[in-house]
Amino acid sequence: MSEQPARVQGIRPGLQVRGLDRGQTPIADWLCACGVHERATGRARVQELLARARVGACPHRPAEQEVAA
């Protein structure tokens, strides 16, 4: 028997960035519409995540399965 990933309801997909003040470590959290979560810590990794995270376009599944947002 395989374990299924937990499904969280009530949390909207999106991108959140915090720690942008001087002396703080930037942290970004991205919850994709398909439910995949990614976290980036540090300026370079946050910038990389911001460059590829897209609202309304899921890179985790084929384009023909995407649903309009």
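Because the structure is predicted, anything quoted here is derived from the model rather than measured.

Novice: Teacher, can you tell me more about the nonpolar core here?
Specialist: A general tendency of soluble globular proteins is for nonpolar side chains to be buried together. Formed by A28, W30, C32, A40, V46, L49, A53 and C58, the largest nonpolar core amounts to 8 residues. Breaking this core down by element, the ones donating at least two residues are β2 (27-31) and α1 (43-52). If sequence neighbours within four positions are ignored, C32 has contacts with P13, C58, P59 and H60.

Novice: Is there a simple way to explain the sheet that holds strand β3 (residues 37-41) in this structure?
Specialist: In any sheet, the strands associate via hydrogen bonds between backbone groups, in a parallel or an antiparallel arrangement. Ordered in space as β1-β2-β3, the 3 strands form an open sheet in which the pairing is antiparallel. Every interior strand has two partners, whereas the edge strands, β1 (14-18) and β3, have only one. Going from strand to strand, the sheet's axes swing by 10° on average, the running direction of each strand aside. Contacts from α1 reach β1, β2 and β3, with the element oriented near 145° to β3.

Novice: Would you mind going over a nonpolar patch on the surface with me for this structure?
Specialist: Where nonpolar side chains cluster on the molecular surface, the patch consists of L15, V17, L20 and L50 and spans about 320 Å² of accessible area. Structurally, L15 is set in strand β1. Owing to a relative accessible area of 37%, L15 belongs among the partly exposed residues under this scheme.

Parameters and conventions
Residues numbered from 1 in each chain as written. Predicted model: local features only at pLDDT ≥ 70, side-chain atom pairs only at ≥ 80, totals over all residues. Heavy atoms only, no water. Core = buried A, V, L, I, M, F, W, Y, C linked by side-chain atoms within 4.5 Å. Buried < 20%, exposed > 50% of the residue type's maximum accessible area, 1.4 Å probe, protein only. Helix = DSSP H or I, 4+ residues; strand = E, 2+ residues; numbered from the N terminus. Contact = heavy atoms within 4.5 Å. Pairing = 2+ DSSP bridges. Axes fitted to C-alpha atoms, helices over the stretch in contact; angles between N-to-C directions. Patch = residues over 30% accessible without salt bridge, like charges linked within 9 Å, V, L, I, M, F, W, Y side chains within 5 Å. Areas by Shrake-Rupley, 256 points an atom, 1.4 Å probe, with all protein chains shown as cover. Salt bridge = Lys/Arg side-chain N within 4 Å of Asp/Glu carboxyl O.

Function cannot be inferred from these measures alone, as they are strictly geometric.
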